[in-house]
Amino acid sequence: VQTCALPILADLQRSLACGVPLPGGEGLGIGFCAGLSLYPDHGHEADTLLGQAATALGRAHDSGQGLVLFYEPSFTETLRNELGLEGRLRQALEGGRLRLVYQPQMDPHGRLIGTEALARWRDGERGEVSPGIFIPLAERTGMIQALGQWADRKSTRLNSSHSSVSRMPSSA
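Residues numbered from 1 in each chain as written. Predicted model: local features only at pLDDT ≥ 70, side-chain atom pairs only at ≥ 80, totals over all residues. Heavy atoms only, no water.

**Considerations on the overall build of the chain**
Within the chain, the secondary structure is distributed over five helices and seven strands. Going from the N terminus to the C terminus, the chain shows its helices and strands as α-β-β-β-α-β-α-β-β-β-α-α. For the chain, whose C-alpha radius of gyration is 24 Å, the value lies well above the compact-globule estimate of 16 Å for 172 residues. Dimensions of the chain, computed from the C-alpha atoms along their principal axes, are close to 85 × 50 × 30 Å. Looking at the chain as a whole, 23% of its 172 residues qualify as buried. Considering only residue pairs separated by 6 or more positions, the chain has 42% of its internal contacts joining residues 24 or more positions apart. In the form shown here, the chain has an accessible surface area of approximately 11,900 Å², with 56% of it arising from carbon and sulfur atoms. Across the chain, the mean location of the 16 positive side-chain charges is 12 Å away from that of the 18 negative side-chain charges. (Helix = DSSP H or I, 4+ residues; strand = E, 2+ residues; numbered from the N terminus. Rg over C-alpha atoms; globule rule 2.2 N^0.38 Å. Buried < 20%, exposed > 50% of the residue type's maximum accessible area, 1.4 Å probe, protein only. Contact = heavy atoms within 4.5 Å. Areas by Shrake-Rupley, 256 points an atom, 1.4 Å probe, with all protein chains shown as cover. Lys, Arg positive; Asp, Glu negative; His and termini not counted. Charge placed at Lys NZ, Arg CZ, Asp CG, Glu CD.)

Laid out in structure tokens, this is it:
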């Protein structure tokens, strides 16, 4: 079945890649991704097969490369893990369990010119979670705005407390 489906999908992809002409000579490009599941390899019920095709489609779409993917069982495990991580990130954000660390910013002469606030997260299950994992997750799930607002509030509070301390007279 895969060997029959792939040439048909490749033709469809090529046809859509030509785009749709619009008035005025402009063209509209069309992207194409597909997710497929096969009976009986991936299930026996329509709901199961549709769900697995949707999982493969999501994976193809996330790649951003116009892929055609057949469902693989590892997709479900990856999705399950990501959904669990998403829930725990949401709880960490709402429960104040993220932290900011500050990285000094130096000019070419080695003088401190500022600091960069970096979000960090220690998950109860996974331990320290790389920002390379949780920042894209926040972007995909719509939590990035809340994360940015949290970081702004937290860094502003810290900055104002440091400013008030630096203005206090020192005692000898």
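**Things to note about helix α2 (residues 46–63)**
For α2, with 18 residues, the first-to-last C-alpha span of 26 Å sits near the 26 Å given by 1.5 Å per residue. Restricting attention to buried positions, one finds in α2 the residues L49, Q52, A53, T55, A56 and A60. Buried residues of α2 fall within an arc of 155° about the axis and therefore sit on the same side. Away from its buried face, by an angle of more than 90 degrees, α2 presents the exposed residues D47, L50, H61 and D62. (Expected span 1.5 Å × (residues − 1). Arc of directions from axis to C-beta.)

**Description of the nonpolar core**
Of all hydrophobic cores here, the largest spans 16 residues; its most connected members are L89, L98, W121, F134, L147 and W150. Among the elements of the structure, α3 (73–94), β5 (98–106), β6 (112–123), α4 (131–141) and α5 (144–167) are those that each provide at least two residues to this core. It is α3 that provides the largest number of residues to this core, a total of four residues. Other than its neighbours up to four places away in sequence, L98 contacts L89, A92, L93, R120, W121, L147 and W150. (Core = buried A, V, L, I, M, F, W, Y, C linked by side-chain atoms within 4.5 Å.)

**Some words on the packing of aromatic side chains**
According to the stated counting rule, one finds two aromatic pairs in the structure shown. Ring geometry for W121 and F134: centres 5.9 Å apart, planes at 85°, overall edge-to-face. Taken as a pair, W121 in strand β6 and F134 in helix α4 lie far apart in primary sequence, 13 residues in all. Taken individually, W121 and F134 each receive the classification buried, so the pair is uniform in this respect. (Phe/Tyr/Trp six-rings, centres within 6.5 Å; stacked < 30°, edge-to-face > 60°.)

**Examining the sheet that holds β6**
Taken in spatial order, the three strands of this open sheet run β5-β6-β7, and their pairing is antiparallel. The open sheet is flanked by β5 and β7 (127–129), the only strands paired with a single partner. Each adjacent strand pair in this sheet contributes to an overall mean axis angle of 40°, direction not counted. Relative to β7, β6 runs antiparallel, the two sharing three bridges. Residue W121 lies in a different strand from β7, and its bridge partner there is V129. Helix-sheet contacts for α3 involve β5 and β6, and the interaxial angle to β6 is about 125°. Set on the sheet, α4 makes contact with β6 and β7; between it and β6 the angle comes to about 85°. (Pairing = 2+ DSSP bridges. Axes fitted to C-alpha atoms, helices over the stretch in contact; angles between N-to-C directions.)

**Regarding unusual backbone geometry**
Cis geometry marks the peptide bond from Y39 to P40, where omega comes out at 0°. Locating P40 in the fold gives a position in the loop between β3 (34–36) and α2.

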